[in-house]
Amino acid sequence: MATDPQTQALLDMVNAEGNPQLFELSVADARAALKQITLQLDVEFCEVKERRELMIPGADGEIPVRIYWPEIKTEGAYDMVKNGKLPILLLYHGGGYALGDLDTHENISRYYCSQAQVIVINVGYRLSPEHKFPAGLEDCYAALCWAAANAEQLNGDQNRIAVTGDSAGGNFSAVVCQQAMLRQGPKPVFQLLAYPSLNMDLSPPSNALYPSRQEFGRGGFFLSQNDLEWLSNMYFENPQEECRSPLCSPALTENLSGLPAALIITAGHDPLRDEGKIYADRLAAAGVPVEYHCFESSIHGFMAFSGALDIAKDALELAVRSLRLNLHA
């Protein structure tokens, strides 16, 4: 399937002559570029009842978070509040482990809070290259433990905690769910993974497992193989060795049974498409309730551009329906 007209118009703008590729930029310029395009094309701003900025404890220092509480709505068959408590959704932003921040994911945090009627914790984990693997992951896991321990003070339900993230944030979400089982920590009940990075081994044998990497990684589709290698080299001290750890490549974990229910969203013209599909199939085979949806005509990162892409609005509505079904129904 070809890219839809709106997606193609976005690609034409990004790929216009004279525009550098992501991997050609400095880290500072790449961060600024991602923030600019995200804020320009972001999901609509939603009012919330309360928004609070906190510093929470992590293994190696404090972690900045933003917490959002919704105005409670009474709707249909959904029991929005159980015993006076709301579900909690931890949001781990995308950006290749080096880019993105609390600001790039401000509006999506507000959107999920308002539309899915959940308390959202937007986690400002440590970024590479300043902080190497697994610093960011450990911050994300620490945020899960903090949310569970402080659920009552947040007016949240410690038995209804979910995780979500896009791209690198999807990676963190998947790994956090696995680590919660291995470390016998608080277990999320749902994971929402948007075009997640699930196998960070970028060697030729690994790439051969995922035809989408070869088909769409050559450039021109917003995320390229060169971009992935550039981000990987910043994230790891020793990329060729560390990339095979389940702490960064959850697709390499053999036993997926017992993991929380999942919604996995991918894009048809994304190098990461196939690893999302294969992970969804393996979860299902392990007995995990999983819903998989590929938005065939779009690209990596498309849900961040709902101001320009109708297909992104469809994906966001799907995400909200799934959050409500799994956390409220």
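Going by the structure above, here's the rest.
It should be emphasised that the depicted structure is a prediction, and the values quoted were computed from it without experimental measurement.

(A) Up close: empty space enclosed by the protein. Under the definition given, this model contains 1 cavity of 30 Å³ or more. Along the wall of the largest cavity there are 16 residues; nearest its centre are His-105, Ile-108, Asp-166, Tyr-195 and Met-303. Residue composition of the lining of the largest cavity, grouped by class: 9 nonpolar, 5 polar and 2 charged.

(B) Quick peek at the sheet that holds strand E4 (residues 119–123). The sheet built from 8 strands is open, its strands ordered E1-E2-E4-E3-E5-E6-E7-E8 with mixed pairing. Whereas interior strands pair on both sides, the edge strands pair on one side only; in this sheet they are strand E1 (50–58) and strand E8 (290–299). Between one strand axis and the next, the sheet turns through 20° on average, direction left out of account. Two strands pair when backbone bridges link them, and strand E5 (residues 156–166) and strand E6 (residues 190–194) are joined in this way by 5 bridges, in the parallel orientation. Across the sheet, Thr-164 pairs through a bridge with Leu-192, a residue of E6. Packed onto the sheet, helix H3 (residues 106–116) meets E1, strand E2 (61–69), strand E3 (86–92), E4, E5 and E6 and runs at close to 45° relative to E2.

(C) Region of interest: the layout of surface pockets. When its volume is computed, the largest pocket comes out at roughly 930 Å³. In this structure, the largest pocket is lined by 46 residues; those nearest its centre are Leu-22, Leu-34, Ile-37, Leu-99 and Phe-222. Of all the elements in the fold, those that place two or more residues in the lining of the largest pocket are helix H1 (5–14), helix H2 (27–41) and helix H8 (225–235). When grouped by side-chain class, the residues that make up the lining of the largest pocket number 23 nonpolar, 19 polar and 4 charged. Taken together, Met-200, Asp-201, Leu-202, Ser-203, Glu-229, Ser-232, Asn-233, Pro-239, Gln-240, Cys-243 and Arg-244 form the lining of the second largest pocket.

(D) Up close: the pattern of salt bridges. Here the structure, examined in full by the defined rule, presents 19 salt bridges. Here Glu-106 and Arg-51 are joined by a salt bridge, their closest N and O atoms 2.9 Å apart. With Glu-106 in helix H3 and Arg-51 in strand E1, this residue pair connects regions lying 55 residues apart in the sequence. Asp-103 is the salt-bridge partner of Arg-66, the closest N and O atoms lying 2.7 Å from each other.

(E) Geometry of the side chain of Thr-38. Counting through the fold element by element, Thr-38 comes out in helix H2. Overall, the relative accessible area of 4% leaves Thr-38 in the buried class. Polar side-chain contacts of Thr-38 include one of 2.7 Å to the backbone oxygen of Leu-34. Apart from residues lying up to four places away in sequence, Thr-38 is in contact with Thr-104, Ala-304 and Phe-305.

(F) Quick peek at H1. Burial in H1 covers these residues: Thr-7, Leu-10 and Leu-11. Along the long axis of H1, the arc covered by the buried residues comes to 100°, so they all point the same way. Looking at the buried side of H1, the elements it contacts are H2, E8 and helix H11 (310–327).

(G) Representation of the pairing of E2. In the sheet, E1 pairs with E2 via 9 bridges, with the strands oriented antiparallel. Within E2, the residue paired with Arg-52 across the bridge is Ile-67. Linking E1 to E2, which pair antiparallel, is a turn of 2 residues.

(H) Geometry of the side chain of Ser-322. Here Ser-322 lies in helix H11. Judged by relative accessible area, Ser-322 falls into the buried class, the value being 5%. With sequence-adjacent residues up to four places away left out, Ser-322 is seen in contact with Phe-190, Leu-263 and Glu-291.

Calculation notes
- Residues numbered from 1 in each chain as written.
- Predicted model: local features only at pLDDT ≥ 70, side-chain atom pairs only at ≥ 80, totals over all residues.
- Heavy atoms only, no water.
- 1 Å grid on protein atoms, 1.4 Å probe; cavity = no way out; pocket = protein on both sides within 12 Å on 5 of 7 lines; lining within 4 Å.
- Points joined across faces, edges and corners; volume = space filled by probe spheres on them.
- Nonpolar A, V, L, I, M, F, W, Y, C, P; charged D, E, K, R; others polar.
- Pairing = 2+ DSSP bridges.
- Helix = DSSP H or I, 4+ residues; strand = E, 2+ residues; numbered from the N terminus.
- Axes fitted to C-alpha atoms, helices over the stretch in contact; angles between N-to-C directions.
- Contact = heavy atoms within 4.5 Å.
- Salt bridge = Lys/Arg side-chain N within 4 Å of Asp/Glu carboxyl O.
- Buried < 20%, exposed > 50% of the residue type's maximum accessible area, 1.4 Å probe, protein only.
- Polar contact = N/O pair within 3.5 Å; in protein donor to acceptor, adjacent residues only side chain to side chain.
- Arc of directions from axis to C-beta.

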